[in-house]
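Geometric and topological summary
The chain contents come next:
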Amino acid sequence: MVKNISTNPSLPDFVQSLPKTETHLHLEGALPFELLQRVRPEFKQPPASWAHNFKFRDFGHFEKELLDMAFSWFTSPERYHEAAKLIFAKHVAQNVKYVETSFASGGIEFLGLNGREVLAAIRAAVPAGLGVRVFFGIHHNGAGGKMQAVLDEALTWNELAGVDLHGFEDAPVEAWTAPYWQAARRAGKYTKAHAGEFMGADFVRRILDELEPQRIEHGTRSVEDAGVVAEIKRRGIALDMCPISNHKLMPGISLGNHPIRRLLDAGVKVTVSTDDPICFGNTVTDEYVALAERAGFSRKELVQLARNGFEVALMSAAQKKPWLDQLDAALR
Ligand SMILES: [Zn+2]
């Protein structure tokens, strides 16, 4: 496996020293490799997609690999609990202080899991000292059959922080979606949506107009339209970006030309996360190191990225203060 080993030995230490957040993480996509090996012993080595310059052919190629691995493990609330414990422990070890993670509605739709039980199992795995907010990830056609009732019920789950639109971006955005995103906000839930990973800036604009999400996941192709970038800034919306994921998955995008540079320079609030580490072999620390080494980010800019994560975090000002103070001290 080829990892993003730093040529500057002090850089990983510097990144480690920063309190950090992870605000774009699919829980199923974060399946620890050691758990996958327990149920799929044929995985003697990590998948080829962990190699640094691996490129998926398209989203379908990626999703096939992801589902094959993830749904070998995530077959019960107990399995969610065991994985979440290990995932969160890895965050703590990297000096990550706050995590937003989603679990996929597909587990309910296709495996018959109970969403409330899955949510409770994830929440029960949260260690002391780590702030965690759990989101319900719903794909574009995720309201079919029994799922409409599940979606309605999900808005009554107290431990659910919010909802996130997932899956194939080019699948139609169905008529139920915008009213549901509104209902979620009325129920006190925070709303996100994936946009601008495969579809262009026009799709980001459409999602902004129709769903009015409070955060965009990726938003990478927003950069193609200055008007969309301006609108994101006007609304004060952050983009939860995943550079290594985009490097391996987005046509024409690499760490060297990643739009996070232009978006940061344009004054957009961007954060950094791993997306689906079982497919990419990445950690939060790897993302920062890769931006420094392959995209020319200064240490000051790395601190700004970490700071952005806490600024958007769904925590009280008092909860954020120690981490923001530490980051401000790192800037000095
Ligand atoms: Zn994602």
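All values derive from a computational prediction rather than experimental measurement. (Residues numbered from 1 in each chain as written. Predicted model: local features only at pLDDT ≥ 70, side-chain atom pairs only at ≥ 80, totals over all residues.)

Observations regarding the overall build of the chain
Counting its secondary structure elements, the chain contains 16 helices and 8 strands. For 332 residues, the compact-globule estimate of 2.2 N^0.38 gives 20 Å, and the C-alpha radius of gyration of the chain, at 18 Å, lies within 12% of that figure. Across its three principal axes, the chain shows a C-alpha extent of roughly 55 × 50 × 45 Å. The buried share of the chain, taken over its 332 residues, is 48%. In the chain, the share of contacts with a sequence separation of at least 24, taken over all contacts with a separation of at least 6, comes to 76%. (Helix = DSSP H or I, 4+ residues; strand = E, 2+ residues; numbered from the N terminus. Rg over C-alpha atoms; globule rule 2.2 N^0.38 Å. Buried ≥ 20, exposed ≤ 12 C-beta atoms within 10 Å, placed from the backbone. Contact = placed C-beta atoms within 7 Å.)

Brief notes about the sheet that holds strand β3 (residues 131-139)
Across the sheet, which stays open at both edges, the 8 strands sit in the order β1-β2-β3-β4-β5-β6-β7-β8 with parallel pairing between neighbours. Looking along the sheet, the strands with just one partner apiece sit at the ends: β1 (20-26) and β8 (270-272). Sheet twist, expressed as the average angle between the axes of neighbouring strands with direction ignored, equals 25°. Pairing between strand β2 (residues 96-104) and β3: 7 bridges, direction parallel. (Pairing = 2+ DSSP bridges. Axes fitted to C-alpha atoms, helices over the stretch in contact; angles between N-to-C directions.)

Quick notes on helix α9 (residues 201-211)
For α9, the complete set of buried residues consists of A201, V204, I207, L208 and L211. Along the axis of α9, the buried positions cluster into a sector of 125°, meaning they face one direction only. Looking at the buried residues of α9, the elements they touch are β4 (160-166), α8 (177-186), β5 (190-195), β6 (215-218) and α10 (226-235). Looking one or two residues past α9, E212 carries a phi angle of roughly 50°, positive in sign. (Arc of directions from axis to C-beta.)

Examining the nonpolar core
The tendency in soluble globular proteins is for nonpolar side chains to be buried as a group. In terms of nonpolar packing, the biggest core is built from 89 residues, with I122, V270 and L302 touching the most fellow members. Setting aside chain neighbours within four positions, we find L302 in contact with V15, L18, Y288, L291, A292 and F297. (Core = buried A, V, L, I, M, F, W, Y, C linked by C-beta atoms within 7 Å.)

Let's talk about α8
Among the residues of α8, those classed as buried are T177, Y180, W181 and A184. Projection of α8 onto a plane perpendicular to its axis shows the buried side chains occupying an angular sector of 100°, all on one side. In α8, those exposed residues whose orientation departs by more than 90 degrees from the buried face are P179 and R186. Close packing links the buried residues of α8 with α7 (147-154), β4, β5 and α9. The positive-phi residue at the C-terminal boundary of α8 is G188, with phi of around 85°.

A few points about the packing of helix α15 (residues 299-312) against helix α16 (residues 317-331)
Two elements in contact, α15 and α16, have axes whose closest approach is 10 Å; the angle formed by their N-to-C orientations is 170°. Judged on the interaxial angle alone, α16 and α15 are roughly antiparallel. Along the contact surface, α15 presents K300, V303, A306, R307 and F310, while α16 presents K320, W323, L324, L327, A330 and L331. Its residues assigned to classes, the contact of α15 with α16 comprises 8 nonpolar, no polar and 3 charged. (Parallel < 35°, antiparallel > 145°, perpendicular 65-115°, else oblique. Nonpolar A, V, L, I, M, F, W, Y, C, P; charged D, E, K, R; others polar.)

What about the confidence of the model for the chain?
Scored by pLDDT, the chain comes out at a mean of 96, with 97% of its residues at no less than 70. Across residues 1-6, confidence stays below pLDDT 50; counting only partners more than four residues off in sequence or on other chains, it has 15 contacts. (pLDDT = per-residue confidence, 0-100.)

Concerning the pairing of β3
The buried fraction of β3 is high, at 7 of 9 residues. In terms of strand pairing, β3 meets β4 through 6 bridges, oriented parallel. By the bridge assignment, H139 is partnered in β4 with H166. In the classification by handedness, the crossover that spans β3, the intervening α7 and the parallel β4 is right-handed. (Right-handed = clockwise from strand over helix to strand, strands pointing away.)

So, the environment of L302
Turning to its location among the elements, L302 is positioned in helix α15. You can call L302 buried: it has 23 C-beta atoms within 10 Å. Counting along the chain gives 288 residues from L302 to F14, while the straight-line C-alpha distance between them is 9.7 Å.

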